[in-house]
Protein chains: 2
Amino acid sequence: MKLNSVDISKTASASSIVFEALRKAIIEGDVKEGEPLRQDEIARMFNTSRIPVREAISRLEEQGLVKTQRYKGAVVSGLSATEAEEIFDFRALIEPEVIRRAVPLMSAETLDSARTSWAAFSASSDPMSWGDLNRDFHSTLYQASGLQYHLDVIDNAMDRIDRYLRAQLVMSNGMERANEEHIAIWEACVAGNAKQAAELTRLHISGARESLIQNINSLR
Amino acid sequence: MKLNSVDISKTASASSIVFEALRKAIIEGDVKEGEPLRQDEIARMFNTSRIPVREAISRLEEQGLVKTQRYKGAVVSGLSATEAEEIFDFRALIEPEVIRRAVPLMSAETLDSARTSWAAFSASSDPMSWGDLNRDFHSTLYQASGLQYHLDVIDNAMDRIDRYLRAQLVMSNGMERANEEHIAIWEACVAGNAKQAAELTRLHISGARESLIQNINSLR
DNA sequence: CTATTTCATATTGGATCCAATTTACAATAT
DNA sequence: ATATTGTAAATTGGATCCAATATGAAATAG
């Protein structure tokens, strides 16, 4: 007889754990740009040797989140205003197309899940969670497209500007504005109006771009 | 007195050397999809230990060129027809916009270098070099845009479909057709007609997509 | 003979150790 | 005082060793 062997707890590799933790710390700004990542220090924090740390750093570098120099180590990548603008331009190109193709494929569950996301975003009084909830809302809708490669690329772009986007939400009326735009996008999706959802998404991103440009100097 | 100290030969790390070599081997199809990458074997080939090999594989996985399973190792990623189509769609979205923004910034040197590329492409009788020359042509033009992030993303997309694109150039009249389209794109750039260059680029990519769909089943 | 179970081998993941290089700082010369 | 040089400490890159897991073949039960 064969037992239904269920994977109770699939332990992730140390390297993956370190990678995810560092990625999160970087995109949330817990480690500032330019700050060095000391292998030894990180290894001690995770009770591992430096080997998994080095693999994690290799992966972070491939993602563009850190820059390394031989024998000098890794530092967290920064973004110039120009580079940040470029990434917003990139998003403004990709995301409208992704949501346009996603709209006809959205299930009731998808729309409900997205509504939950913007409701939580709207109701949250904790600025630290805004960034996550914002990403949740958009990625829930995008996932309906089934365009995995596009989704991966968007994730990377978001990772690079996450810090600046969070700062953006906190300052001025960034939060309120984003919230209103989310609702409008969501309503277009519910109405099945793919073109409108795409255009609203484009405006949502372009607007964030313009706000960021105005404020980027005060952020550094 | 201070001498002009010039870095004569900056040695790359073993990990980088292995990474570049494996990347090249994968995108050119020298290691087939599904084929396992044995750390020990690769380490022996490069006269190193497995440590740099593992870092190289980590980076390749982050790029999506290999897939790894814990304790089972890495295998070269394949692409389903659907995934290949998605990447062509992605390129058809990005590259026209990049060349559109590049055209007004193209110097005489850029145009000359691109002409050299398509001339070499056109004249080459070696199918193995077609893929490289094709990429050279496009990236020369794109680089004028100065959009580094876009360029990086395009490079990754190209890496994933490189194998299939090469096969595409070899079969039927792929090579002749690509050549004619390159010349048309180049002429639009010379004329400073950004919109036309963008539209021709879009058609160039869509055309390749359609050919690939028709032939992808015979490729596997 | 077939299915299951050992058990040896192969392979990967991680720890420890050593070498190469950079960095910080003291010593010295101008 | 300032700049240069020498040297020790800190840090990274890589090699070797050990542990954890998978794979495959032999042994065994039915």
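For the structure, check the block above.
All of the points below concern the structure found in this document. The model shown is predicted, which means the values in this text are computed figures rather than measured ones.

1. Comments concerning the interface of chain B and chain A
Then, in step 1: The interface of chain B with chain A comprises 29 residues on the first partner and 29 residues on the second.
Then, in step 2: Of the roughly 2700 Å² buried where chain B meets chain A, counting both sides, 55% is carbon and sulfur surface.
Then, in step 3: Per-residue buried area on chain B facing chain A is highest for Glu62, Glu86 and Tyr149 of chain B; these three make up 28% of the total on that side.
Then, in step 4: On the surface where chain B and chain A come into contact, there are six salt bridges.
Then, in step 5: Of the charged contacts, one joins glutamate 55 of chain A and arginine 54 of chain B as a salt bridge, the two residues approaching to 3.1 Å between their closest N and O atoms.
Then, in step 6: For the interface between chain B and chain A, the tally reads 19 residue pairs in polar contact (both at pLDDT 80 or more).
Then, in step 7: Listed by contribution, the elements that provide at least two residues to the side of chain B that touches chain A are helix H3 (50–62), helix H4 (81–102) and helix H7 (148–170) of chain B.
Then, in step 8: By residue number, the principal contributor to the side of chain B that touches chain A is H4 of chain B, which donates eight residues.

2. Topic: the packing of helix H6 (residues 127–143) of chain B against H7 of chain B
Residue and element names in this part refer to chain B.
Then, in step 1: Two elements in contact, H6 and H7, have axes separated by 10 Å at closest approach and are oriented at 145 degrees. Relative to H7, H6 is oriented so that their crossing is right-handed. Counting all contacts with H6, which are made through Pro127, Met128, Trp130, Gly131, Asp132, Asn134, Arg135, Tyr142 and Gln143, the residues of H7 involved are Leu151, Ile154, Asp155, Met158, Asp159, Asp162, Leu165, Arg166, Leu169 and Val170.
Then, in step 2: Broken down by class, the residue content of the contact of H6 with H7 amounts to ten nonpolar, three polar and six charged.

3. Details of the protein's contact with DNA strand C
Then, in step 1: As a structural note, the neighbourhood of DNA strand C is formed by 19 residues, with Ala14, Ser49 and Tyr71 of chain A together with Arg50 and Arg54 of chain B the closest of them.
Then, in step 2: Among the atoms of DNA strand C close to the protein, meaning within 4 Å, 66% are from sugar or phosphate groups.
Then, in step 3: In the model, a sugar or linking oxygen of DNA strand C is placed 3.3 Å from a nitrogen or oxygen of the arginine 38 of chain B side chain.
Then, in step 4: The dominant element in the surface near DNA strand C, judged by the number of residues it contributes, is H3 of chain B, at three residues.

4. A word on the nonpolar core
Then, in step 1: Of all hydrophobic cores here, the largest spans 78 residues; its most connected members are Ile99 of chain A together with Ile99 of chain B.
Then, in step 2: Those residues in contact with isoleucine 99 of chain B that sit more than four places away from it in its chain are Met106, Leu141, Tyr142, Ile185, Cys189, Ala197, Ala198 and Thr201 of chain B.

5. Let's talk about the relation of the copies chain B and chain A
Then, in step 1: When chain B is fitted to chain A, the residual RMSD is 0.1 Å, and the transformation amounts to a turn of 180 degrees plus an axial shift of 0.0 Å. The superposition operator between the copies reduces to a two-fold rotation axis.
Then, in step 2: A symmetric contact is evident, with 100% of the interface residues of chain B recurring at the interface of chain A.

6. Examining the side chain of serine 145 of chain A
Residues and elements named next belong to chain A.
Then, in step 1: Checked against the element boundaries, serine 145 lands in the loop between helix H6 (127–143) and helix H7 (148–170).
Then, in step 2: Owing to a relative accessible area of 10%, serine 145 belongs among the buried residues under this scheme.
Then, in step 3: Reaching out from serine 145, the side chain makes a polar contact with the backbone nitrogen of leucine 147 at a distance of 3.1 Å.
Then, in step 4: Excluding residues that lie within four positions of it along the chain, serine 145 makes contacts with Val98, Ala102 and Leu105.

7. Here's the deal with the protein's contact with DNA strand D
Then, in step 1: Taken together, 19 residues sit near DNA strand D, with Arg50 and Arg54 of chain A together with Ala14, Ser49 and Tyr71 of chain B positioned nearest.
Then, in step 2: Sugar and phosphate atoms represent 67% of those atoms of DNA strand D found within 4 Å of the protein.
Then, in step 3: Leucine 37 of chain A is positioned such that a nitrogen or oxygen atom in its backbone is 3.5 Å from a phosphate oxygen of DNA strand D.
Then, in step 4: The backbone of alanine 14 of chain B places a nitrogen or oxygen atom 2.5 Å from a phosphate oxygen of DNA strand D.
Then, in step 5: Put simply, the parts of the chain that give the surface near DNA strand D at least two residues each are helix H3 (50–62) of chain A together with helix H1 (14–27) and H3 of chain B.
Then, in step 6: Examining the composition of the surface near DNA strand D, we find that three residues originate from one element, H3 of chain A, more than from any other.
Then, in step 7: Of the residues contributing to the surface near DNA strand D, the split by class is seven nonpolar, six polar and six charged.

8. Section: the sheet that holds strand E3 (residues 73–76) of chain A
All names here are of chain A.
Then, in step 1: Taken in spatial order, the three strands of this open sheet run E1-E3-E2, and their pairing is antiparallel. Each edge of the open sheet is held by one strand with a lone partner, namely strand E1 (36–37) and strand E2 (66–69).
Then, in step 2: Inspection of the sheet shows E2 paired to E3 by four bridges, in the antiparallel sense. Residue pairing across strands places valine 66 opposite valine 76, the latter belonging to E3.
Then, in step 3: Packing against the sheet, H3 makes contact with E1, E2 and E3, and its axis sits at approximately 115 degrees to E2.

Calculation rules
Residues numbered from 1 in each chain as written. Chains lettered and ligands numbered in written order. Predicted model: local features only at pLDDT ≥ 70, side-chain atom pairs only at ≥ 80, totals over all residues. Heavy atoms only, no water. Contact = heavy atoms within 4.5 Å. Buried area = accessible area lost by both parts, 1.4 Å probe. Salt bridge = Lys/Arg side-chain N within 4 Å of Asp/Glu carboxyl O. Polar contact = N/O pair within 3.5 Å; in protein donor to acceptor, adjacent residues only side chain to side chain. Helix = DSSP H or I, 4+ residues; strand = E, 2+ residues; numbered from the N terminus. Axes fitted to C-alpha atoms, helices over the stretch in contact; angles between N-to-C directions. Left-handed = near helix turned anticlockwise from the far one by under 90°. Nonpolar A, V, L, I, M, F, W, Y, C, P; charged D, E, K, R; others polar. Near = heavy atom within 4 Å. Core = buried A, V, L, I, M, F, W, Y, C linked by side-chain atoms within 4.5 Å. Buried < 20%, exposed > 50% of the residue type's maximum accessible area, 1.4 Å probe, protein only. Least-squares fit on C-alpha atoms with pLDDT ≥ 70 in both. Pairing = 2+ DSSP bridges.

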